[in-house]
Amino acid sequence: MPREVIFTKVFLISQPISAKRKANMKEYNFSGIEKKWQEYWETNKTFKTEDDFSNPNKYYILDMFPYPSGAGLHVGHPEGYTATDIIARYKRMKGFNVLHPMGWDAFGLPAEQYAIQTGTHPAVTTNKNCDTFRRQIKELGLSYDWDREINTTDPGYFRWTQWIFIKLYSTWYDHKSDRGRDISELPIPLDVLKAGDEARRKYIDSKRLAYYDDAQIWYCPSCRIVCANEEVLTDGSHEKCGNRVVRRNLKQWMLRIPQYAERLLTGLDKLDWSEGLKEMQRNWIGRSTGAEVDFKVDGHKEIITVYTTRPDTLFGATYMVLSPEHPLVGTITSPEQAKQVEEYISAASVKSDLDRTDLAKDKTGVFTGTYAINPVTGKRIPVWVADYVLMGYGTGAIMAVPAHDERDFEFAQKFGIDIVCILSPAVADPEQKKRIIAGRECWSGDGIYINSSNSELKITLDGLNVEEGIATITRWIESKNIGIHRVNYKLRDWLFSRQRYWGEPFPVIHWEDGRITLLDEKELPLTLPELEVFEPGDNGESPLSNATDWLWVTDSEGRRGKRETNTMPQWAGSCWYYLRFIDPKNESEIFNKVLEKYWMPVDLYIGGAEHAVLHLLYARFWHKVLFDLGIVSTDEPFMKLFNQGMILAFAYQTETGARVSSDQITEKDGRFYITGTDEEVRQIVAKMSKSLKNVVNPDDVVKNYGADTLRLFEMFLGPLEATKPWDEKGIRGPHNFLARAYRLIANRENITEGEEDPEILRVLHKIIKKVTEDIEGLRFNTAISAMMIFLNTALKKEKITLNTAGNFIKLLSPFAPHLGEELWQLTGHHDTITYEPWPVAEEQYLNEELFECPVSVNGKMRFKIDIPVNLPKEEVIKTVLADERAQKWIGTATPKVIVVPNRIVNIVV
RNA sequence: GCCCGGAUGGUGGAAUGGUAGACACGAAGGACUUAAAAUCCUUUGGCCAUAGCGGCUGUGGGGGUUCAAGUCCCCCUCCGGGUACCA
């Protein structure tokens, strides 16, 4: 069919023209266009991903799936989603087989709290919210394959979450081969075997990656739920609700993530993540090297083992500290001091409930009345109990070296304990040096040891520096059998249960004889029972304890058992969802192995920085376990990860601090007032939140400007990684750009046949190159500005060829897909633009003959001169110096001329 | 305190050590219009000069390296994120 005919046809079915518009001028009717193409995509399943192994170029691009809150999407969501969508569409046009799925992280507290208040089942709320989210996301024109949608609350999904839990339970970490292995392969030491079945079971349980045990945990009385350490903020409040948490001892499920600490740490090296993000994970894992050293206790047979990163300062250890929870405290405390110590311990346990940070500033402690022996000096040193030493790290006991540790220094000063300097500091200031050596100032840096030898024990560090000192003393300690080189991690066991209804039930039965069994894989999923009341029990018991029919089980021998009433934390479902997208409907296995091998790893993962540590660390941990068990084929799940910046919004506060929503604000001369009053309010930029009344809903933006504009605007706002304020003032820019693009291309009199204008060709190929590179580098803001430059040029010329238009439409379509499709159709195509080949920049159009060369004198740009590209340096110098404008600055001097080819010329006078 | 980012016009931002302010918003002026909206054109870092050409200054502050610094180095201030007695 000749092109002319198609053209006419297409133009006939176009939108009606507003009477007010110029007679035949077609204008940008975004809402009609967007509705039309969303329907087209849905009907034609345009973005359905085939598991097409014949295409070896696969691209798995993933968003952090959202928790579908009742508030719906806010404008922060589309930022990351648009970014991934642009890449997904771009990669499709580049011929990649693209996997780009979406789903719902739908277990969580808000739906359950709503259930407590209203009696509405959380599943009902959740489904409703998912529907809203799905509608909103579809209205943004995001190219997800909706056939792969998953929901963590779906039994068809969480049966596999439970399945992974069973795997964790039946895995131990073999440090010899540095991998997780099936528990059946765990070697049992002879003495354990001899001690009988009970001991054997205990031993095995002590090695499982998932275990059930008494744990000192944080409990939030307001939510009636336990919290993982990382869910408690530094001011002692619960991250979710802001209320204060308290310490409790409760039996809980824990995961031994520290077993994987080393691999989680070294695995970071090969990932294409930002250094900052990797650093955060490294800090969280918190690896340190040092030594464990044994101290004899005077008059007792017990030994106190301490962990120190500075064994080299052993000569300066003048006291010791046990944490209040240390098991030896009771044993070694002298009768005279017993009462005081007891009081201190009980005070310390309450103190942690009050305020950890404020009170932490002032060090407290109490003497046990007992002395330990410093193994190198032989001196008796007092043993104290103080809460600045934590039971959860190292051995819960330290040797204190006040001269060379700030905390110990502070403590020793307060309680009048000896401060012995054993290191002549590497400082220039002689006064400071004097103070340090006299023990009046603390020094934790490098230096040369003094007072650090004991000839009887054949040990001396004197004259060495810190690095040598640590190596020497560690060797000595090991040779004397009083200590050992040791690596420690801050990373703790992961508290993995919550006293909640709306989470994955544990496939666990607690039998009346105290034993624990897990369900068989075949019995999964273990679904939640129907409940009338969702209130948790008073003692922090899960609402599931009320579901008596569900709760009690009896085995074939008549033994009674009770199901686990805790549920898994929200992290569980999000720890592995990226794997289920690969094969979301598989009922017989977690996913097909061949498919997993094809699609994994995730090539690009984009999400908010708030998940920099927890989600990403937890998911990597599970993934490594699954890898060790041969379930997945890669050691790391996410090859490249990118954190989008947060979108902030203006918020308004009255003098008294009350929040006023932005629709009640009037701006006058740069000041802000509550509309209709004189009351001035303060404008602040803050994270969008309900309490600040500054949440912007994308629905309004879509209605007023269209989804394509919203997409473009969010990408044009600034670099993806930057934190940026949402200010709708700027939205006209991208909107006008799209309207102008439409006006140029949709009005056929602007589209010509034949030769293209050379300037347009030059700009076109320049931006093909620029847009391509910028998409690859996630620099969408500059890609958009390049397209704007092209359009400005084209509009000046008023005409472009069909071929040029086609190339431009292709470049535009990942950013503004609805308009892309519409223009593609209007220029005579029948099929979706989704799989059209991406344009290629042709070198011949990129090279220009003349270069407008800036000439600077003494580093200051003075004038520009046209110089042929690649002109030899001598010629350039000659040309430039011949220019009278150069002469003006040079005068009679003989200038030095620096030529940077095709860049700049600098004349130095 | 420590670790990691960041600071560029009225605003969002751009700039492989090589023309600072691309692109856009906003503002001002003009065209079209009975008028407004929309659209189009012009100007737009500051200061000085101006018929026109032009000059000085300028990327949080202070030093330095370089022919040349927003960019590299040192010191400081402020803002954001992470972390918090981890021995």
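Report on the accompanying structure. (Residues numbered from 1 in each chain as written. Chains lettered and ligands numbered in written order. Predicted model: local features only at pLDDT ≥ 70, side-chain atom pairs only at ≥ 80, totals over all residues. Heavy atoms only, no water.)

1. A few points about the side chain of T126
Inclusion rule: Each helix is a run of DSSP H or I of at least 4 residues and each strand a run of E of at least 2, with the numbering of both proceeding from the N terminus. Contact criterion: two residues are considered in contact whenever any of their non-hydrogen atoms come within 4.5 Å of each other.
Residue position: T126 is located in helix 5 (residues 122-138). When residues no more than four places from it in sequence are discounted, the contact partners of T126 are A106, A111, T153 and W502.

2. Digging into the packing of helix 25 (residues 758-776) against helix 27 (residues 802-812)
Quick reminder of the rule: Under this scheme, a helix contributes an axis fitted over its contacting stretch, all axes are lines through C-alpha atoms, and angles between N-to-C directions fall in the 0 to 180 degree range. Geometric relationships in this document are graded by angle, where less than 35 degrees denotes roughly parallel, more than 145 denotes roughly antiparallel, 65 to 115 denotes roughly perpendicular, and other angles denote oblique. Crossing handedness follows the turn of the near helix against the far one: under a right angle anticlockwise gives a left-handed crossing, and clockwise gives a right-handed one. Residues are grouped as follows: nonpolar covers Ala, Val, Leu, Ile, Met, Phe, Trp, Tyr, Cys and Pro; charged covers Asp, Glu, Lys and Arg; every other residue, Gly included, is treated as polar.
Following both chains from N to C, one finds helix 25 and helix 27 inclined at 20°, their axes separated by 11 Å at the closest point. Comparing their axes, helix 27 and helix 25 come out roughly parallel. Once helix 25 is placed against helix 27, the crossing between them reads as left-handed. Side by side, helix 25 and helix 27 meet where I760, L764, I767, I768 and V771 of the first sit next to T804, N807, F808 and L811 of the second. Taken together, the residues of the contact of helix 25 with helix 27 sort by class into seven nonpolar, two polar and no charged.

3. A short note on the pattern of salt bridges
Stated formally: Salt bridges are defined by distance alone: a side-chain nitrogen of Lys or Arg within 4 Å of a carboxyl oxygen of Asp or Glu. For each residue, the accessible area found with a 1.4 Å probe, counting protein chains only, is set against the maximum for its type, and the residue is called buried under 20%, exposed over 50%, and partly exposed in between.
One pass over the full model with this rule turns up 52 salt bridges. Of the charged contacts in the structure, one is a salt bridge between R148 and D51, with a shortest N-O distance of 3.1 Å. Taken as a pair, R148 in the loop between helix 5 and strand 4 (150-151) and D51 in the loop between helix 2 (30-44) and strand 1 (58-63) lie far apart in primary sequence, 97 residues in all. The exposure class of D51 is partly exposed, given its relative accessible area of 31%. Measuring nitrogen to oxygen at the nearest pair gives 2.5 Å for the salt bridge that ties R407 to D405.

4. Considering the protein's contact with RNA strand B
Heads up, the rule is: Any residue with a heavy atom positioned within 4 Å of a molecule or strand is treated as near that molecule or strand. For this analysis, a polar contact is any N or O atom pair within 3.5 Å, provided that within protein one partner can donate a hydrogen and the other can accept it, and provided that sequence-adjacent residues contribute only side-chain to side-chain pairs.
The environment of RNA strand B is made up of 52 residues, and the closest members are T309, Y393, R407, L717 and K864. The sugar-phosphate backbone supplies 62% of the atoms of RNA strand B found within 4 Å of the protein. The separation between a phosphate oxygen of RNA strand B and a polar side-chain atom of R740 is 2.9 Å. Contact distances for RNA strand B include 2.9 Å between a base oxygen and a side-chain N or O atom of R903. When contributions to the surface near RNA strand B are tallied by element, the ones reaching two or more residues are helix 10 (275-285), strand 11 (303-308), helix 24 (732-746), helix 26 (780-797), strand 37 (860-868), helix 31 (884-890), strand 38 (896-900) and strand 39 (904-908). In terms of residues, the surface near RNA strand B owes the most to one element, helix 26, which gives six residues. Tallied by class, residues from the surface near RNA strand B come to 21 nonpolar, 15 polar and 16 charged.

5. Considerations on the packing of helix 23 (residues 707-716) against helix 28 (residues 817-826)
The contact between helix 23 and helix 28 brings their axes to 7 Å, and the two run at 125°. Taken together, the axes of helix 23 and helix 28 are oblique relative to one another. Counting all contacts with helix 23, which are made through A707, D708 and R711, the residues of helix 28 involved are P817, H818 and L819. In terms of residue class, the contact of helix 23 with helix 28 is built from three nonpolar, one polar and two charged.

6. A short note on the pairing of strand 37
How we decide: A pair of strands counts as paired when DSSP detects no fewer than two bridges linking them.
Pairing of strand 36 (residues 850-857) with strand 37 involves eight bridges; the strand directions are antiparallel. Bridge assignment links F851 to a residue of strand 37, and that residue is I867. Linking two consecutive strands that pair antiparallel, namely strand 36 and strand 37, is a turn of two residues; a positive phi of about 50° is found at N858 within it.

7. Concerning the sheet that holds strand 2 (residues 97-99)
Spatially, four strands are ordered 2-1-26-27 in an open sheet, and the strand pairing comes out parallel. Edge positions in the sheet fall to strand 2 and strand 27 (641-644), since each of these pairs with one other strand and no more. Geometrically, the sheet is characterised by an average inter-axis angle of 20° between neighbouring strands, direction not taken into account. Pairing analysis gives three bridges linking strand 1 to strand 26 (residues 604-608), with the strands arranged parallel. Paired with D63 across the strands is I606, a residue of strand 26. Sheet strands touched by helix 3 (residues 77-93): strand 1, strand 2, strand 26 and strand 27. Its angle to strand 1, the strand with the most contacts, is close to 170°.

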